[in-house]
Amino acid sequence: MEKIRMLSTLGLMGAMRNLSSAFEAATGIHVDADFAPTLALLRRLRAGEAADLVILTRDGLDEMIGEGRVIADSAADLARSYVGLAVRAGQPHPDISSEAALRKVLLAARSVAYSRLGASGVYFAQLIVRMGIATEINAEATIVEQGFTAERLVSGEADLAVQQISELKQVGGIEVIGPVPHQLQTPAVFSAGRMTDAKQAKAADRLLRYLASPEVMPVLRRSGLEP
């Protein structure tokens, strides 16, 4: 069986597991996928890790294009993702509909879990600085190197988790409260591109065309993304 090696940001993990299976059933091409935060993937690619196709934040993909690692003409924007908050299942859903309400909820939390390497974590670290509450939040924060912050809700280490909504939804036993107020965030755009030195260039192009097609939109929406 023909095989494509794909490196993808964690934000698309849920959607890509479904889409990879559908693509394999339709084409007979197996997608060997590895998922990690964009910053971790950029480090691995710069260290020489081989892949046929990558899915990164648009900024990350542009860096790879600029370095000649990804073919510019192959780039396709797949989905938009907002950062949200979650609590453990059964816990009350606090009001986070305004900046003042969000500030109050964050300060009242025993510990907030957020990611160090993910786009959501970089954004959240800047947001709490902008809100003037970074010292208080970081004094008790549960910092996740990489992976799903909502797992820290299930383990009891934190009582609020911050991450892309599509990543929060990957964890059982939690409930997404909703997005950070839209006026406080710029959505992350996840984009795919073919590696310049792809061994399976034709198969990678087929997968890219499939991922950019209208038929994948319902799967993206179900996983918490906006096509």
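Quantities reported herein were computed from a predicted structural model and do not represent experimental measurements.

Draft legend 1. Structural detail: helix α4 (residues 99-108). For α4, the complete set of buried residues consists of A101, L102, V105 and L106. Taken down its axis, α4 places every buried residue within 130° of arc, on the same side. Among the exposed residues of α4, those pointing more than 90 degrees away from its buried face are A100, K104 and A108. On the buried face of α4, the contacting elements are β5 (83-88), β6 (112-115), α5 (119-130), α6 (134-140) and β8 (160-164).

Draft legend 2. Representation of the pattern of salt bridges within the structure. Considering all chains together, one arrives at 15 salt bridges under this definition. Two residues, R80 and E226, come together in a salt bridge whose shortest N-O distance is 3.8 Å. Residue R80 is found in strand β4 (residues 76-81), and its partner E226 is found in the segment after α10 (217-222); the two are separated by 146 residues along the sequence. The salt bridge partner of D159 is R110, with a shortest N-O separation of 3.6 Å. Here D159, found in the loop between α7 (151-154) and β8, pairs with R110, found in the loop between α4 and β6; they are 49 residues apart in sequence, far enough to count as distant.

Draft legend 3. Highlighting the packing of aromatic side chains. All chains considered together, the criterion is met by 2 aromatic pairs. Here the aromatic rings of Y114 and F124 are separated by 4.9 Å at their centres, their planes lie at 65°, and the arrangement is edge-to-face. Separated by 10 residues along the polypeptide, Y114 in strand β6 and F124 in helix α5 bring together distant segments of the chain. F124 shares its class with Y114; the two are buried.

Draft legend 4. Expanded view of the packing of helix α1 (residues 13-27) against helix α9 (residues 201-211). Running from N to C, α1 and α9 point in directions that differ by 120°, and their axes come no closer than 11 Å. Classed by the angle they form, the pair α1 and α9 counts as oblique. Here α1 and α9 pass one another in a crossing that is right-handed. Where α1 approaches α9, its residues M16, L19, A22, F23 and T27 are matched on the opposing element by A203, R206, L207, Y210 and L211.

Draft legend 5. Structural detail: the sheet that holds strand β1 (residues 3-9). Ordered by their spatial adjacency, 5 strands build an open sheet running β2-β1-β3-β10-β4, and the pairing between neighbours is mixed. Each end of this open sheet is capped by a strand with a single partner; those strands are β2 (30-36) and β4. Adjacent strand axes in the sheet meet at a mean angle of 20° when their direction is disregarded. Pairing of β1 with β2, which is carried by 7 bridges, proceeds in the parallel orientation.

Draft legend 6. View of the environment of T149. Position of T149 relative to the elements: it lies in the loop between β7 (142-144) and α7. Overall, T149 belongs to the buried group, its relative accessible area being 0%. Among residues more than four places away in sequence, those in contact with T149 are A113, Y114, S115, V144, A161, V162, Q163 and L168. Engagement of the side chain of T149 in a polar contact is seen with the backbone oxygen of V162, the distance being 3.2 Å.

Draft legend 7. How the structure looks around the side chain of E167. The topology assignment puts E167 in helix α8 (residues 165-168). At 3.1 Å, the side chain of E167 forms a polar contact with the side chain of Q163. With residues up to four places along the chain from it excluded, the contact list for E167 reads L10, G11 and F148.

What counts, and where the lines are drawn
Residues numbered from 1 in each chain as written. Predicted model: local features only at pLDDT ≥ 70, side-chain atom pairs only at ≥ 80, totals over all residues. Heavy atoms only, no water. Buried < 20%, exposed > 50% of the residue type's maximum accessible area, 1.4 Å probe, protein only. Helix = DSSP H or I, 4+ residues; strand = E, 2+ residues; numbered from the N terminus. Arc of directions from axis to C-beta. Contact = heavy atoms within 4.5 Å. Salt bridge = Lys/Arg side-chain N within 4 Å of Asp/Glu carboxyl O. Phe/Tyr/Trp six-rings, centres within 6.5 Å; stacked < 30°, edge-to-face > 60°. Axes fitted to C-alpha atoms, helices over the stretch in contact; angles between N-to-C directions. Parallel < 35°, antiparallel > 145°, perpendicular 65-115°, else oblique. Left-handed = near helix turned anticlockwise from the far one by under 90°. Pairing = 2+ DSSP bridges. Polar contact = N/O pair within 3.5 Å; in protein donor to acceptor, adjacent residues only side chain to side chain.

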